[in-house]
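# A closer look at the structure
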Amino acid sequence: MGVTVIAWCTDDGPDGKKMRRLLQQQYPWIMVFVCWAHQINLVVGNFLNMKSDLLLIIAQCLEVIKWFNNHGTALAVLKNEMKFTYEGKIWSLVLPVITRWTAHYLSSTCLLKVKGAVTSCVHRHEEKLKVAGGKTQEVQKKAEEIIQIVKDSSFWNGLAKIQAILEPLAIAANITQASHTRLDHVLLTLGNLFRIYSSSSTQTLDAEIAYGIQSSLEKRWEKADQDIFILAVFFNPYIRSRIFNPAALTESSLYGIVDKVFKRFYGRVGDLALYKAFTDYVRGEGDFSPEEMNLERIKEMFNAEDKPLDVVFVWKTIDSQPSNAPPEGSNALVKLAMRILTPIANSAGCERTFSLFGSIHTKYRNRLKSEKVHKTGVVKMDIKRSQLAEGHGTNRSKRKFGQMESPSDENSPNTPLDASDFHALADLLINEANDDDIEPNPSQIHVAAQPSNPGSTSSRCGRGKITLGQLFSYDLTEAALNSGTGLDFYWRGGIRNIEEELQQCDEDDEVEELLTNPTPV
């Protein structure tokens, strides 16, 4: 087909684990990794397994939101209280509509945002709220339960604690589920999570939670093809090698990884030209200086169009060989960088495409052939891209959280879960995290004789594993760590996306309020 396969991303089910082992052994020049959007979910599952008592608080949070939204009188009273408390501003209480833990996180964030108005509403209008849903004993009993939850200070303290714990993971999930997530996104996000949950930087968390989340992150990282991820960060020209811990990763050992991976991909060792290009790149000299690579100008252009920075594009601008030419001379470093930075580190794009095909090939149109379904899907995606580019449409609903582009459902149950049932979702995440600890027995995997190929002589694991705790220099100043040029290089984009989700709901509620109560002319 004229396509060279350089990477393969799979889900993390039992069959996927065996397939990855076989693929790595028979075709070592192919990069093989799991969907990292799902790996972040497994970290959340490990956390929930540690602190199952916090599940009740999230469930109570959803009950409060559900009760106010289901009773028009109570919601009207609350909105009036918001206007009084927040100088005319009204915010929505939004229930999750899909079984994503990030949707539940956003719902709890919304409730915390209006804590003052909710508690004030309950204290000032308690009797009115008790009969807001009706006068039957059962309905009033439910209203009293909601009122008691709101009055309980431990509920709000627990909800604030949960939000503080889950917020970094929600940002990380937003980063790793994007359609442009590369391997450097993943490792920088893992490193920043490790820093955030370290006991020295997170004073609000107890030691058990911090250690548990760090251990879960280390477990995910230990299973990864570390050489490839380390080089992905190294080949980000805005970062290079300066955030690595020199005690764990010297310049010499870093070139050893470059040389080994180059041999793995291209079947030959690097020459002196590759080594000189490496040293120039590390020092930011010659063809690899920030000025020659136009780093600041390219970054400004992407920011001006509000697009995510594409570091592969940066490398393409200095590529001096045709795309299909074998790497030669100093350009060998350029070819290696583009190869490592090209793959997408999740299967979200495939799952979104499958969902689109499912909306086309329905039970009412079940005689459509696969070729026509594919062509129809391509046309629909192209129309959507054109409309978004022209500003004629939105790529998600503003009414409820969770209706966003989402990561893969590779381990979702066949029976749909109730989106507002956090206990069921938590059980699913915990079970997935526990299942991930069960690895297939390597002795039961039979590999055929390796064919002759460019990378068959290259070993994958010549160097020992490096832990996340050892890999980066976490002892830098707080200003350097939060400068947007280190471990948090992509973090601010994740924060902005989360804030946009909240802002979209607020804007939609303002429109609804104007339509309901228009300003007199």
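The structure under discussion appears in the preceding block.
So, a few notes on the structure that sits alongside this text.

Rules of the game
Per chain, residue numbering runs from 1 following the sequence as it is written. Under the rules for a predicted model, residues below a pLDDT of 70 receive no local features and side-chain atom pairs below 80 are neither given nor counted, while totals for whole chains, interfaces and linings still include all residues. Excluding hydrogens and water, the side-chain values take into account all heavy atoms of the structure. Where helices and strands are cited, they refer to DSSP runs of H or I of at least four residues and of E of at least two residues respectively, numbered from the N terminus. Summary of the burial criterion: residues with accessible area below 20% of their type's maximum are buried, those above 50% are exposed, and those between are partly exposed, where the area comes from a 1.4 Å probe applied to protein chains only. Residues are treated as being in contact if the distance between any of their heavy atoms lies within 4.5 Å. Throughout, the Shrake-Rupley method with a 1.4 Å probe supplies accessible areas, and for residues the shown protein chains are the sole cover considered. Put simply, a disulfide is two cysteine sulfurs that come within 2.5 Å. Pairs were defined over the aromatic rings of Phe, Tyr and Trp, the Trp ring being its six-membered one, requiring ring centres within 6.5 Å. Orientation was assigned from the angle between planes: stacked under 30 degrees, edge-to-face over 60, tilted for the rest. A ring has a charge above it when a Lys NZ or an Arg CZ is no more than 6 Å from the ring centre and no more than 35 degrees off the ring normal. The length a helix should cover is 1.5 Å for every residue beyond the first. Salt bridges are defined by distance alone: a side-chain nitrogen of Lys or Arg within 4 Å of a carboxyl oxygen of Asp or Glu. Strand pairing is defined by DSSP finding a minimum of two bridges between the two strands.

### Topic: the overall build of the protein chain
The helix and strand inventory of the protein chain stands at 23 helices and two strands. Taking all 521 residues of the protein chain together, 48% fall into the buried category. Across the protein chain, every contact between residues at least 6 apart in sequence was considered, and the portion connecting residues at least 24 apart equals 77%. Looking at the protein chain as shown, the accessible area adds up to about 25500 Å², and 53% of this sits on carbon and sulfur atoms.

### Let's talk about the state of the cysteines
Under the defined criterion, the tally for this structure stands at zero disulfides. Here cysteine 35 is not cross-linked by a disulfide; its sulfur's nearest cysteine counterpart is in cysteine 9, at 5.5 Å.

### So, the packing of aromatic side chains
Applying the stated criterion across every chain yields a total of 26 aromatic pairs. When the ring of phenylalanine 235 is compared with that of tyrosine 281, the centres are 6.1 Å apart and the planes differ by 45 degrees; the resulting orientation is tilted. Here phenylalanine 235, found in the loop between helix H12 (226–234) and helix H13 (251–266), pairs with tyrosine 281, found in helix H14 (residues 272–283); they are 46 residues apart in sequence, far enough to count as distant. Residue classification places phenylalanine 235 among the buried residues on the basis of a relative accessible area of 0%. Its relative accessible area of 0% is what places tyrosine 281 among the buried residues. In textbook terms, an aromatic cluster arises when at least three aromatic residues are bridged by ring pairs, as seen for Phe234, Phe235, Tyr255, Tyr275, Phe278, Tyr281, Phe288 and Trp315. Lying across the ring of phenylalanine 84, arginine 124 places its NZ or CZ 5.3 Å from the centre. Taking the ring centre of phenylalanine 265 as reference, the NZ or CZ of arginine 339 above it sits at 4.6 Å.

### Some details on helix H3 (residues 55–70)
Taking 1.5 Å per residue, 16 residues should reach 22 Å; H3 reaches 22 Å between its end C-alpha atoms and fits that length. Three or more residues of H3 are buried, namely Leu55, Ile57, Ile58, Ala59, Cys61, Leu62, Val64, Ile65, Trp67 and Phe68.

### Comments concerning the pattern of salt bridges
Counted by the stated rule, this structure contains 15 salt bridges. Salt-bridge contacts for lysine 142 lead to glutamate 145; the nearest nitrogen and oxygen are separated by 3.9 Å. Linking lysine 142 with glutamate 145, this pair stays in helix H8 (residues 137–151), spanning three residues, or about one helical turn. A residue is classified by how much of its surface remains accessible, and glutamate 145, at 38% relative accessible area, is partly exposed. Across the pair arginine 283 and glutamate 251 runs a salt bridge, and its minimum N-O distance is 3.0 Å. Remark: glutamate 251 occurs in helix H13 and arginine 283 occurs in helix H14; sequence separation between them is 32 residues. Assessed through its relative accessible area of 47%, arginine 283 is described here as partly exposed. Look at the salt bridges and you will find they share partners, linking Glu63, Lys66, Lys142 and Glu145 into a network.

### Looking at the pairing of strand E1 (residues 7–10)
For E1 and strand E2 (residues 31–34), the ladder comprises four bridges, and the chain directions are parallel. By the bridge assignment for E2, cysteine 9 is matched with phenylalanine 33.

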